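# Residue-level structural notes
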Amino acid sequence: MNRRRFLESSAAAGLAAALGAASSTKAYAANERISICMMGVRGRGGSVLSTFASLPEVEVRYVCDLDPAVLDSRLSQIEQKTGKRPQGIKDFRKALEDKSLDAFIIGTPDHWHALPTIHACQAGKDVYVEKPDGHNILEGRTMVAAAKKHGRIVQLGTQSRSGPHLLSCVEYLNSGALGKVRFAKAWESGKQGSIGKPSDGEPPPGIDYGFWLGPAPLRPFNPRRFHGTWRWFFDYGTGDLGNDGVHRLDYARWTLGAALAAQGEKLPDLPRAVSALGGKYYFDDAQEWPDTLMVTYDFAPGCLLTYEMRVWNAYPLHDEPEGAAICGDNGFVVIGNSRWRAFDAKGKLIKEESGTYNNDIAHAKNFLDCMRSRAKPNADLETIGHPSSLLCHIGNAAWRTGRTLHFDPVAYRFKDDEAANQLLTRAEYRQPWVLPKLTDV
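Let me sum up the structure you'll find in this document. (Residues numbered from 1 in each chain as written. Predicted model: local features only at pLDDT ≥ 70, side-chain atom pairs only at ≥ 80, totals over all residues. Heavy atoms only, no water.)

## A word on the pairing of strand β2 (residues 58-64)
- Of all the seven residues making up β2, six are buried; the element is thus mostly covered by neighbouring parts of the structure.
- The handedness of the strand β1 (residues 34-39) to β2 crossover, carried by helix α3 (residues 44-53), is right-handed.
- The parallel pair β2 and strand β3 (residues 87-89), bridged by helix α4 (residues 68-82), forms a crossover whose chirality is right-handed. (Buried < 20%, exposed > 50% of the residue type's maximum accessible area, 1.4 Å probe, protein only. Helix = DSSP H or I, 4+ residues; strand = E, 2+ residues; numbered from the N terminus. Right-handed = clockwise from strand over helix to strand, strands pointing away.)

Here it is as structure tokens:
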């Protein structure tokens, strides 16, 4: 079916909303460029910077990073790519003072997602922030509150939401081909090495370590609690569930919802119960988050979504090292990073479509289009990014407490579990990097 005709059909209304709707340029002159500050440019952040810099409608005005060597390298790369050297800064708040700056792009570690997003919204900037939404549940909720109060466009970096092959999979599921659907599964498997147990030491020359820690507790510098491996520690990351798992859970949540909708049912925003088992079963190293994990999400009116993770063994399920599967009584669909396949009830392949996992350009362009049109982006923080991130945060809380948890979406607390409620946010935020109250954003 022609994609344009499909999106224009009434049956595709939900998918059209997911696509971020229009690419109107009414709010901006056709030749006007969107100015950005890119914050956090090592690793994944460097890739996001390169994506935005490649778009002719973007002016990279500021590049922000605490590592002077990384910052200088990125500034030179952008100068070579665009012919103009951006202003390099260490403190993101300097860019917030620029009233003509349009957007903040955030590729920092997880513990530095919430505060820059909130402050950027308060300063009237739109935001593209890498996943997950924040370091914990309250941070994500506060980010949503700031975006709503200040009327900002906030796109989460779950790039598959802009991927053509995922959109065509949703189209297939909207047809009701799977019949009655009651089960979905998401998984991660990969070969991650041990991070060891190095001794504490001194930060690299030129690094403002206190600034890097930000709201996190003050601890002695350790090379594993820094570049590249920070995500495996409670203070800064969300484990692999919040790292790669958020992508696969988002696949599963999105497509499960589409399959249920085809049967006249609605997937609730949140599960009624979440349980998790796992631990450090393989690596003997400094990592705090589990290397092996199983999480079960029980949704009303009666369907399960499970998540399986092991970061020490690249053993693919359904021929996909990471992905999701949606199961109905008429068949099942397997979703990978670059393809999806539909099978009948007897396991016979009946349909297959391929795409590309690198949807960065499409996701960035959708964000820019929505800045102009003020339509909700494909991975809108409130309706898509935060709910998918919340599944990760609740799953992590279930693992850390060792109990089945029941989350109350109205009170935004776990029911009758004060130990779990201690994990809603940090015990303490270091001055001056304090998370504002919901009423103060």
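## Quick look at the sheet that holds β2
- Ordered by their spatial adjacency, six strands build an open sheet running β3-β2-β1-β4-β5-β6, and the pairing between neighbours is parallel. Where the open sheet ends on each side, the last strands, each with one partner, are β3 and β6 (154-156). Strand-to-strand twist of the sheet, defined as the mean angle between neighbouring strand axes without regard to direction, takes the value 20 degrees.
- Sheet topology places β2 next to β3; three bridges connect them, and they run parallel. Along β3, the bridge assignment pairs valine 63 with glycine 88.
- Where α4 meets the sheet, its contacts fall on β2 and β3, and the angle it forms with β2 comes to roughly 165 degrees. (Pairing = 2+ DSSP bridges. Axes fitted to C-alpha atoms, helices over the stretch in contact; angles between N-to-C directions. Contact = heavy atoms within 4.5 Å.)

## Some points on the packing of aromatic side chains
- All told, the structure shown has 22 aromatic pairs when counted by the stated rule.
- Their ring planes at 40 degrees and their centres at 5.2 Å tell us that tyrosine 172 and tryptophan 340 sit as a pair that is tilted. Within this pair, whereas tyrosine 172 is found in helix α8 (residues 164-174), its partner tryptophan 340 is found in strand β13 (residues 339-344), the two being separated by 168 residues in sequence. Pair check on accessibility: tyrosine 172 and tryptophan 340 agree, each one buried.
- Between tyrosine 209 and phenylalanine 221, the aromatic rings sit 5.3 Å apart at their centres with planes inclined by 80 degrees, giving edge-to-face as the arrangement. Note that tyrosine 209 is positioned in helix α9 (residues 209-213) and phenylalanine 221 in the loop between α9 and α10 (239-243), a separation of 12 residues in sequence.
- On the basis of relative accessibility, which here comes to 10%, the residue tyrosine 209 falls in the buried class.
- Residue class for phenylalanine 221 comes out buried when judged on its relative accessible area of 7%.
- Put simply, the rings of Phe92, Phe104, Trp112, Phe211 and Trp433 pair up and form one aromatic cluster.
- One Lys or Arg, arginine 400, reaches over the ring of phenylalanine 234 and ends 3.8 Å from the middle of that ring.
- Between the NZ or CZ atom of arginine 426 and the centre of the ring of tyrosine 429, over which it lies, the distance is 5.8 Å. (Phe/Tyr/Trp six-rings, centres within 6.5 Å; stacked < 30°, edge-to-face > 60°. Lys NZ or Arg CZ within 6 Å of the ring centre and 35° of its normal.)

## Quick notes on the pattern of salt bridges
- Following the criterion strictly, the structure yields 35 salt bridges and no others.
- Residue arginine 248 pairs with aspartate 244 through a salt bridge whose shortest N-O separation is 4.0 Å.
- Of the residues examined, aspartate 244 reaches a relative accessible area of 25% and is grouped as partly exposed.
- In this structure, arginine 339 and glutamate 352 form a salt bridge, with 3.5 Å as the shortest nitrogen-oxygen distance. You can see arginine 339 sitting in strand β13 and its partner glutamate 352 sitting in strand β14 (residues 349-354), a full 13 residues away along the chain.
- Assessed through its relative accessible area of 39%, glutamate 352 is described here as partly exposed.
- Each of Glu59, Arg61, Lys84 and Asp98 takes part in salt bridges that share partners, so that together they form one network. (Salt bridge = Lys/Arg side-chain N within 4 Å of Asp/Glu carboxyl O.)

## Here's the deal with the sheet that holds β13
- One open sheet accounts for eight strands, arranged β8-β9-β10-β7-β11-β12-β13-β14; its pairing is mixed. The sheet terminates laterally at β8 (273-279) and β14, the two strands that pair on one side only. On average, adjacent strands in this sheet sit at an angle of 10 degrees to one another, irrespective of strand direction.
- Here seven bridges tie β8 to strand β9 (residues 292-299), and the two strands are oriented antiparallel to one another. Counted as the bridge partner of leucine 277 is methionine 294 from β9.
- Of the strands in this sheet, β12 (331-335), β13 and β14 are in contact with α8, which crosses β13 at around 20 degrees.

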